[in-house]
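A closer look at the structure
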Amino acid sequence: MAKVLFERTRHEVDWPEGGRLVDLCDREVRAGVPLACRHANCGTCRVEVREGIEHCEPAEDDERALLERIGNGSETVRLGCQLVLRAGDGRVRLWVTL
Ligand code: FES
């Protein structure tokens with residue numbers, strides 16, 4: 001993934017290698033994604049992928065189950081602690097939903 005834009009904090013990061021968003025958030029204090037349990041249990045880290053969902057790996061069962069339980073059935077709403085971005089070119093634009 002070439003670029004990730006955290007819209008709420010207006011922070012954009014070059015990230016060509018992609019990987020777990022939680023790792024990027026740990027590195028980038030201005031990401032602004034509120035992380036708590038980090039294990040698909042609490043839902044505080046929800047983000048809306050406003051652009052670039054095609055650059056994201058599909059949700060695993062744990063993530064999908066929690067999102068359904070808390071009433072987020074949209075394919076573009078994801079858990080920041082579980083989201084994995086693919087390597088390569090492109091742009092992902094994220095909005096923290098809290
Ligand atoms: S931090 Fe709890 S579900 Fe992501």
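Let us look at the structure shown here. Source: prediction; values computed, not measured.

**Remarks on the nonpolar core**
Residues Val4, Leu79, Leu85, Val92 and Leu94 are the most contacted members of the largest nonpolar core, which totals 19 residues. It is helix α1 (residues 21-27) that contributes the most residues to this core, three residues altogether. In this structure Leu79 touches Ala40, Cys45, Arg46, Glu63, Leu66 and Leu67, once residues within four positions along its chain are discounted.

**Observations concerning the environment of Asn72**
Considering the arrangement of structural elements, one finds Asn72 in the loop between α2 (61-69) and β5 (77-79). Classification of Asn72 by C-beta neighbours within 10 Å gives partly exposed; the count is 18. Sequence separation between Asn72 and Cys56 is 16 residues, and the spatial gap between their C-alpha atoms is 17 Å.

**So, unusual backbone geometry**
If a residue is not glycine, its phi is most likely negative; likewise, a peptide bond is most likely trans. Phi is positive for Arg10, close to 55°, though the residue is something other than glycine. As for its position among the elements, Arg10 is in the loop between β1 (3-6) and β2 (11-14). Assessed through the 9 C-beta atoms surrounding it within 10 Å, Arg10 is described here as exposed. In the Ramachandran plot, Ala40 falls in the positive-phi region, its phi being about 60° despite a non-glycine side chain. As for its placement among the helices and strands, Ala40 is situated in the loop between α1 and β4 (46-51).

**Thoughts on the pairing of β4**
Two elements, β4 and β5, share three bridges in a ladder whose sense is antiparallel. Bridging from a neighbouring strand, Val47 pairs with Arg78 of β5. Where β4 and strand β7 (residues 91-96) come together, four bridges link them in antiparallel fashion. Note that in β7 the partner of Val49 across the bridge is Leu94.

Here is what the cut-offs are and how they apply
- Residues numbered from 1 in each chain as written.
- Predicted model: local features only at pLDDT ≥ 70, side-chain atom pairs only at ≥ 80, totals over all residues.
- Core = buried A, V, L, I, M, F, W, Y, C linked by C-beta atoms within 7 Å.
- Buried ≥ 20, exposed ≤ 12 C-beta atoms within 10 Å, placed from the backbone.
- Helix = DSSP H or I, 4+ residues; strand = E, 2+ residues; numbered from the N terminus.
- Contact = placed C-beta atoms within 7 Å.
- Pairing = 2+ DSSP bridges.

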